Amino acid sequence: MQIRKEQFVLLNTLDVIGLLAWRSLGPQPSRSVRATGEPPAFVEHSAPDPARVAPAVRGTTPELARELFAAPRDTRPLPPLEFQPPPSVALPGLRPPTLPGPAPARYGKLLRAALPALDAPDLFATEAVGEALGGAAADAPANLPLAQRIASFKRVYDWVRTNDFKFGQIVNKDRFNLQRRPNEPILFVEYVPERGAPLIAGAAPVPYEQKTVNEFGFADTVPNQIEIRRAAFGDTLAAAEYDSALAFADWCVEKRHEAPRALGVAEEVYRRAAAVITTDPMPRLGLARCYEAGFEFEKAFQEYRALLGATNNNQRVLARLAELEARFRLFDAARAHLEEAARGGRTDWQVQFAYGHFLATRGEYTAAIEHLRLANQFEPSAAEGKRDRARLRVELASALLADGNTTEALEWVDKALQADPADARAQAAQLALVALGALPAPSTTTPPDDPGTFELLLARGSTSCARATRRARPRPRTCSSRLHRSIRCAPRSRCARSRGWPRRPTTPSRRCTTSSRRWRTTRSIPGRCTRRAASPPRATTSTARRTHSRARSSSNWTSATRWWRWASCSTAAASTWRLNATSSARCCSNPSAPTCSHYAA
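The rules behind the values
- Residues numbered from 1 in each chain as written.
- Predicted model: local features only at pLDDT ≥ 70, side-chain atom pairs only at ≥ 80, totals over all residues.
- Heavy atoms only, no water.
- Helix = DSSP H or I, 4+ residues; strand = E, 2+ residues; numbered from the N terminus.
- Buried < 20%, exposed > 50% of the residue type's maximum accessible area, 1.4 Å probe, protein only.
- Contact = heavy atoms within 4.5 Å.
- Axes fitted to C-alpha atoms, helices over the stretch in contact; angles between N-to-C directions.
- Parallel < 35°, antiparallel > 145°, perpendicular 65-115°, else oblique.
- Left-handed = near helix turned anticlockwise from the far one by under 90°.
- Nonpolar A, V, L, I, M, F, W, Y, C, P; charged D, E, K, R; others polar.
- pLDDT = per-residue confidence, 0-100.
- Patch = residues over 30% accessible without salt bridge, like charges linked within 9 Å, V, L, I, M, F, W, Y side chains within 5 Å.
- Areas by Shrake-Rupley, 256 points an atom, 1.4 Å probe, with all protein chains shown as cover.
- Salt bridge = Lys/Arg side-chain N within 4 Å of Asp/Glu carboxyl O.
- Core = buried A, V, L, I, M, F, W, Y, C linked by side-chain atoms within 4.5 Å.

A. Inspection of unusual backbone geometry at higher detail. The amide bond that connects leucine 99 to the next residue, proline 100, takes the cis arrangement and shows omega of 0°. With respect to the secondary-structure elements, proline 100 resides in the loop between β1 (93-94) and α2 (107-110). Unusually for a residue other than glycine, asparagine 313 sits at a positive phi of about 55°. Relative to the assigned elements, asparagine 313 resides in the loop between α9 (297-311) and α10 (315-327). Residue classification places asparagine 313 among the partly exposed positions, given a relative accessible area of 36%. For arginine 329, which is not a glycine, the phi torsion comes out positive at approximately 60°. Looking at where arginine 329 falls in the secondary structure, it is placed in the loop between α10 and α11 (331-344). With a relative accessible area of 62%, arginine 329 lands in the exposed category.

The following block contains the structure:
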């Protein structure tokens, strides 16, 4: 039977597959393990010295030095250049801005300055300073005169005066109306004013009949002032007291942080004034202001809206409502109300002031200045309106200063100080102009009523920083005088080092100082010598030359100085200094001259 190719290929394939399966499934032959030998020995190779290939510092290897204009060669290349930083100008800084002060857009124009570093080693040393201040404050009352001590005690304690002053506390009920009850005795608890404690602890009040007391009073504090002025109005408010009552209520709102009952008294007075004249919106505006100061904003909004309906959109009411809306960042509504109020109240300074202040806070200084000028044009002219006049002028000066117009701002600050010299904001604006360089130095002003206002304290600090900056920079005149002095003393010091001086200090600087002092003295001699009787009747150049020759030929310092003075006295004014310059040049060109340091000018 003949075998086909397909069958042959199939048989061979099966044989190969079977052989492979037998080898994989059968017993595996054992492999022989090679024996481990000794580890190779570590051979240490020395690292190359990087100094042989690194570029050497210029001037340290004299063997690489070559001639300056010789061409470089492969064996001696040019040494690498040392790094030289490029020249740079110190960047200027900005002085701290003042309040009032320029707008941020004007900082570069008005506040740019080179600010040096200021050393303040004792900046946080508060313990020693506090102890020193505390000790000085404790010893101050005992060192004051009697009148000042009594005045200081009156500011703290109630007092009565019979034969002498007694300080303590009046404890009567409704004590602020004691003057209206002359038959009621004064119940007084005496204190030791230096210690602030009762004279007899636990003792009952001592009654003093008012007819036996020369005078009495209460401690000069803000709460007592409020109660005394409130009691002065009585139970019913008269129409003649209307304006004074409104001014007193406004003052109570300003002093609300110093007396707990200030807002309550102000609200009471406003309500009483509103009952006197019902058509005037000012008492109700003051009442709404009391609500704002007491953080009762819902009542303030209700009061303003009620006033708008009752007064047919009064301009001042619109302005006050806009100020409250701006406080709550409702700027669109506030601007609309202020524009409506400004159109109807062009001659009302309160409306124009409110609109100008709003625009200044929004950064629109050009429009703010226009409305503030109108407000100052129609400012109050009454004597009691001096604070309002000062406030209007300071606000306009602040807007001008923020816009960069320091010249006109200075004029309005002066006008504000003329209206009220004790105004704290006006003094702060003046100090701000000093810090900006518009004024050379602060003028002496009356101490303000409230020296602790934020604006005044910030202005004082900015002015101090500006003064420190200017003092840290040397003045050009001082620099030029120092340079001139050093140049003038340089040839004398060289001559002094080249020539020994008998019986004179050996320090060149002292020699230079001595010679310059004598040189200045010698320059002033000719004017004095010509007025003396012993001076030559006729000064000639030949006489001066002979005396100069004797001075140069003299080997003694004293005789040379004497001949030098006679030469100066014998020389005419025009030829004296030419001859002096010639002698100085000859002297410094000849170091062996005995008086070369004296002649060098």
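B. Quick look at the side chain of glutamate 292. Along the chain, glutamate 292 turns up in helix α8 (residues 282-293). Discounting residues that sit within four places of it in the chain, glutamate 292 has contacts with Phe297, Ala300, Tyr304, Leu324 and Arg327.

C. Representation of the packing of helix α7 (residues 262-276) against α8 in the model. One way to put it is that α7 packs onto α8 with a least axis distance of 8 Å and a crossing angle of 160°. Here α7 is positioned roughly antiparallel relative to α8, judged by the angle of their axes. Seen from above, α7 lies across α8 with left-handed handedness. Here Leu263, Ala266, Glu267, Tyr270, Arg271, Ala273 and Ala274 of α7 lie close against α8, whose contacting residues are Pro283, Gly286, Leu287, Cys290, Tyr291 and Ala293. Here the residues of the contact of α7 with α8 are counted per class, giving ten nonpolar, one polar and two charged.

D. Region of interest: the confidence of the model for the chain. For the chain, mean pLDDT is 75; residues scoring 70 or higher make up 66% of the total. With pLDDT under 50 throughout, residues 472-541 is counted as low confidence; its partners more than four residues away or in other chains account for 70 contacts.

E. Local environment of a nonpolar patch on the surface. Residues Leu10, Leu11 and Leu14 make up a contiguous nonpolar surface patch of roughly 300 Å² in combined accessible area. Here leucine 14 is to be found in helix α1 (residues 5-25).

F. Local environment of the pattern of salt bridges. As enumerated under the stated definition, the model contains 22 salt bridges in all. Across the pair glutamate 408 and arginine 373 runs a salt bridge, and its minimum N-O distance is 2.7 Å. With glutamate 408 in helix α15 (residues 406-419) and arginine 373 in helix α13 (residues 365-377), this residue pair connects regions lying 35 residues apart in the sequence. With its nearest N and O atoms 3.6 Å apart, the salt bridge here joins arginine 425 to glutamate 395. Note that arginine 425 is positioned in helix α16 (residues 424-435) and glutamate 395 in helix α14 (residues 386-402), a separation of 30 residues in sequence.

G. Geometry of the nonpolar core. Counting 51 residues, the largest nonpolar core has Ile226, Phe248, Tyr270 and Phe358 as the members making the most contacts within it. For this core, the secondary-structure elements that each account for two or more residues are α5 (222-232), α6 (242-254), α7, α8, α9, α10, α11 and α12 (349-361). With eight residues, α6 is the largest single contributor of residues to this core. With residues near it in sequence (within four places) discarded, tyrosine 270 still touches Leu246, Ala249, Asp250, Val253, Pro283, Gly286, Leu287 and Cys290. Membership of the second largest hydrophobic core comes to 27 residues, among which are Leu372, Leu396, Leu401 and Ala409.

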